[in-house]
Amino acid sequence: MTLQNTLQSRYSAKSYDVNKSLPPDIVAKLLQSLQLSPSSLNNQPWHFIVADDEKGKKRIARSTGNMYQFNHGKIIEASHSIVLCARNNLSEDYFQSLLDQEKKDGRLPNEEAVNRAKQGRQAFLSLHEKEHDIAVWNQKQVYLALGFLLLSAGLLGVDATPIEGFDVDILSQEFDLKAKGLTPCVIVTLGYHAEGDFNAKLPKSRLPQDTIFSRA
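> What exactly am I supposed to notice about the sheet that holds strand β1 (residues 46-51) here?
Two modes of strand pairing occur in sheets, parallel and antiparallel, and in both the strands are linked by backbone hydrogen bonds. Pairing within the open sheet is antiparallel, and its 4 strands lie in the order β1-β2-β4-β3. Every other strand in the sheet has two partners, leaving β1 and β3 (159-163) as the edge strands with one partner each. If you compare each strand with its neighbour and ignore which way they point, the axes differ by 20° on average. Relative to strand β4 (residues 182-191), β3 runs antiparallel, the two being bridged by 5 bridges. Within β4, the residue paired with Pro162 across the bridge is Val188. Contacts from helix α2 (residues 24-35) reach β1, β2 (80-87) and β4 within the one sheet, and its direction differs from that of β2 by about 15°. On top of the sheet, helix α7 (residues 134-155) reaches β1, β2, β3 and β4; it is set at about 5° to β4, its chief contact.

What follows is the structure, given as structure tokens:
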């Protein structure tokens, strides 16, 4: 499928075929799309919780009670459900783990490069510390990963649904996220849509380009 076809045809699935599961090789590619997503300064300030069985999906779905009940079925019926979480802080130890990995991968070939990367991260961290918005900064990076996942799913012929309608506190308690320094940002369900999914048959609707673009 070409990029243009994917952009035109992908949509948010409203119901999934419970009898169809994603092949392991497709799952591996989707998870790699998250791993390889871009982030500011390559900080990768995220963690992803993957549910691929009934038990795991039920744990995630507990966050959809009351006013979010309409999202319960998507999480349970989908082949996979993933919680995209943001780190609440960026500690010195975490920055060191990034530097260690970058050195291991050959991205930082010498100490000068290491120091330059370290100083750059620290400078931007200080800016966000002054603004008291490190958690918000990290959450913005998670949405870059979300975009990569949705586009990758479309290119691979997989249906997906981004879900913000869930109880953050319930989901945090279920996975002890506060103790881990994480905040759940969005849930993504992945699989193949059900035959009766009404949204699959509706035309795509977007504002025209002359409304959303202007030239500098």
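Now that the structure is up, let's keep going.
> What is the right way to look at the pattern of salt bridges in this model?
A side chain of one charge can pair with a side chain of the opposite charge when the charged atoms of the two come close. Within the structure shown, the criterion is met by 7 salt bridges. Among the salt bridges present, the one from Lys58 reaches Glu54, with a minimum N-O distance of 3.1 Å. In this pair, Lys58 and Glu54 both sit in helix α3 (residues 54-61), 4 residues apart, roughly one turn of the helix. In this structure Lys58 comes out as partly exposed when scored by relative accessible area, which is 42%. For Glu54, a relative accessible area of 51% translates into the label exposed. The salt bridge partner of Arg116 is Glu112, with a shortest N-O separation of 3.5 Å. Within this pair, Arg116 and its partner Glu112 are both found in helix α6 (residues 111-131), separated by 4 residues, close to a single helical turn. The exposure classification of Arg116 matches that of Glu112, with both residues exposed.

> Would you explain α3 in this entry?
Every buried residue of α3 is accounted for by Gly56, Lys57, Ile60 and Ala61. One side of α3 holds all its buried residues, which, seen down the axis, span an arc of 135°. Every exposed residue of α3 that faces more than 90 degrees away from the buried side is listed here: Glu54 and Lys55. The secondary structure elements touched by the buried residues of α3 are β1, α4 (72-77), β2, α8 (168-174) and β4.

> Whenever I open this one, a nonpolar patch on the surface confuses me. Can you help?
Taken together, the side chains of Leu3, Leu7, Leu151 and Leu155 make up a nonpolar region of the molecular surface, amounting to roughly 310 Å² of accessible area. Looking at the nonpolar patch, the elements that each hand over two or more residues are α1 (3-9) and α7. Counting through the fold element by element, Leu155 comes out in helix α7. Overall, Leu155 belongs to the partly exposed group, its relative accessible area being 36%.

> For this particular structure, what's the right way to read unusual backbone geometry?
Among all residues save glycine, negative phi is the norm, and among peptide bonds the norm is trans. One non-glycine residue, Gln44, lies in positive phi territory at about 45°. Position of Gln44 relative to the elements: it lies in the loop between α2 and β1. Since its relative accessible area comes to 25%, Gln44 is described here as partly exposed. A positive phi angle, near 55°, is found at Asn66, a position not held by glycine. Assignment of secondary structure puts Asn66 in the loop between α3 and α4.

> Looking at this model, I keep getting lost on the pairing of β2. Mind explaining?
In the case of a regular strand, side chains alternate between the two sheet surfaces. Extensive coverage of β2 is indicated by the burial of 7 of its 8 residues. Taken together, the 6 bridges between β1 and β2 define a ladder with antiparallel strand orientation. Each bridged residue has a counterpart across the sheet, and for Ile49 the counterpart in β2 is Val83.

> I would appreciate a short explanation of the packing of helix α5 (residues 92-104) against α6 in the present structure.
The packing of two helices is summarised by the inter-axis angle and the distance between the axes. Put simply, α5 and α6 touch, their axes get as near as 11 Å, and they point 150° apart. One finds that α5 runs roughly antiparallel with respect to α6. Handedness of the α5/α6 crossing: right-handed. When α5 is examined against α6, the residues Phe95, Leu98, Leu99, Glu102 and Lys103 are found in contact with a partner set consisting of Val114, Ala117, Lys118, Arg121 and Leu125.

Reading the values: rules and limits
Residues numbered from 1 in each chain as written. Predicted model: local features only at pLDDT ≥ 70, side-chain atom pairs only at ≥ 80, totals over all residues. Heavy atoms only, no water. Pairing = 2+ DSSP bridges. Helix = DSSP H or I, 4+ residues; strand = E, 2+ residues; numbered from the N terminus. Axes fitted to C-alpha atoms, helices over the stretch in contact; angles between N-to-C directions. Contact = heavy atoms within 4.5 Å. Salt bridge = Lys/Arg side-chain N within 4 Å of Asp/Glu carboxyl O. Buried < 20%, exposed > 50% of the residue type's maximum accessible area, 1.4 Å probe, protein only. Arc of directions from axis to C-beta. Patch = residues over 30% accessible without salt bridge, like charges linked within 9 Å, V, L, I, M, F, W, Y side chains within 5 Å. Areas by Shrake-Rupley, 256 points an atom, 1.4 Å probe, with all protein chains shown as cover. Parallel < 35°, antiparallel > 145°, perpendicular 65-115°, else oblique. Left-handed = near helix turned anticlockwise from the far one by under 90°.

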